[in-house]
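Descriptive structure summary
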Amino acid sequence: QVQLVESGGGLVQAGDSLRLSCKASGRTFSIYAMGWFRQAPGKEREFVTAISWNPGNTYYADSVKGRFTISRDNAKNTVYLQMNSLRPEDTAAYYCALMRYWSGTYYDSRWWHYWGQGTQVTVST
């Protein structure tokens, strides 16, 4: 089993920045990729970004390109999400996800194998 623990959420104003972290523990000897999804009230969970563990290729939703940056520390089994220029529409619960092996796509939450408990990000106007 793999456990994912997120941290770093909070309440900020529009234009501010936040950095989320997600640490994986347990059976982490096989990580293909890690990523972030988010879910706002009444909406489906949506893809935000993903990073392959080796060689570290990154993928972003169009809505966050140029504002969010994903990075990873392989030695710490940790992934980070730097969020800049936050907007009210970024308000959501943010979930860390881990893919043990290639499942066919990063963009569909059904293909990810493990999930964190979520951390709330609220952006006020």
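Structure shown above.
In what follows, the accompanying structure is described.

The rules we used
Sequence order as written defines residue numbering, which begins from 1 separately in each chain. Two thresholds apply to this predicted model, a pLDDT of at least 70 for residue-level local features and 80 or more for giving and counting side-chain atom pairs, whereas whole-chain, interface and lining totals are computed over all residues. Processing note: side-chain calculations cover all non-hydrogen atoms of the structure and skip hydrogens and water entirely. Put simply, DSSP H or I for four residues or longer makes a helix, DSSP E for two residues or longer makes a strand, and each gets a number counted from the N terminus. Here the globule rule reads 2.2 Å times residues to the power 0.38, and the radius of gyration is calculated from C-alpha atoms. Relative accessibility thresholds used throughout: buried, under 20% of the residue-type maximum; exposed, over 50%; partly exposed, between the two (1.4 Å probe, protein chains only). Here a residue-residue contact requires only that any non-hydrogen atoms of the pair lie within 4.5 Å. Each accessible area value is a Shrake-Rupley result obtained with a 1.4 Å probe; residue values ignore everything except the protein chains displayed when judging cover. When charges are tallied, Lys and Arg are placed among the positive residues and Asp and Glu among the negative ones, while His and the ends of the chain are skipped. By convention, the point assigned to a charge is CZ for Arg, NZ for Lys, CD for Glu and CG for Asp. At least two DSSP bridges between two strands are needed for those strands to be called paired. Any carboxyl oxygen of Asp or Glu that lies within 4 Å of a side-chain nitrogen of Lys or Arg is treated as forming a salt bridge with it. Polar contact is defined as a pair of N or O atoms within 3.5 Å, subject to the rule that within protein one atom must be able to donate a hydrogen and the other to accept it, and that residues adjacent in sequence are counted only when both atoms are side-chain atoms. Each nonpolar core is a collection of buried residues, namely Ala, Val, Leu, Ile, Met, Phe, Trp, Tyr and Cys, held together in the definition by side-chain atoms within 4.5 Å.

1. Details of the overall build of the protein chain
Counting its secondary structure elements, the protein chain contains 0 helices and 11 strands. Listing every helix and strand of the protein chain by position from the N terminus yields β-β-β-β-β-β-β-β-β-β-β. Relative to the compact-globule value of 14 Å for 125 residues, the protein chain shows a C-alpha radius of gyration of 13 Å, a close match. C-alpha atoms of the protein chain, sized along the principal axes, occupy 40 × 25 × 25 Å. Burial statistics for the protein chain: of 125 residues in total, 45% are counted as buried. Taking as baseline every contact in the protein chain between residues at least 6 positions apart, the subset at least 24 positions apart corresponds to 56%. Per element, the accessible surface of the protein chain, about 6,300 Å² overall, is 47% carbon and sulfur. Computing the positive centroid from 13 side-chain charges and the negative centroid from 9, the protein chain places the two 8 Å apart.

2. Overview of the pairing of strand 9 (residues 92-99)
Of all 8 residues in strand 9, 8 are buried; the element is thus mostly enclosed. Note: strand 4 (residues 33-39) against strand 9, 7 bridges, orientation antiparallel. Residue pairing in the sheet places Q39 in a bridge with A93 of strand 9. The pairing of strand 9 with strand 11 (residues 119-124) spans 3 bridges and is classified as antiparallel. Across the sheet, the residue bridging to A93 is Q120, located in strand 11.

3. A few points about the pattern of salt bridges
Tallied over the full model, the rule gives 5 salt bridges. The partner of R38 in a salt bridge is D90, and the shortest N-O contact between them spans 2.9 Å. Taken together, the positions of R38 in strand 4 and D90 in the loop between strand 8 (78-83) and strand 9 put the pair 52 residues apart, joining distant regions of the chain. A residue is classified by how much of its surface remains accessible, and R38, at 6% relative accessible area, is buried.

4. Re the side chain of E6
Counting through the fold element by element, E6 comes out in strand 1 (residues 2-7). No salt bridge is formed by the buried E6; the nearest opposite charge belongs to R45, separated by 7.6 Å. At 3.0 Å, the side chain of E6 forms a polar contact with the backbone nitrogen of Q117. If near-sequence neighbours (up to four positions away) are discounted, E6 is found in contact with S21, C22, W36, Y94, Y95, C96, G116, Q117, G118 and T119.

5. Focus on the nonpolar core
The biggest cluster of nonpolar side chains holds 37 residues, and the ones touching the most others in it are L4, M34, W36, M83 and Y94. Contributing elements (two or more residues each) for this core: strand 1, strand 3 (18-26), strand 4, strand 5 (46-52), strand 7 (68-73), strand 8, strand 9 and strand 11. No other element matches strand 9, which puts 6 residues into this core. Those residues in contact with M34 that sit more than four places away from it in its chain are L4, C22, A24, A50, I51, W53, I70, V79, C96, A97, L98 and W112.

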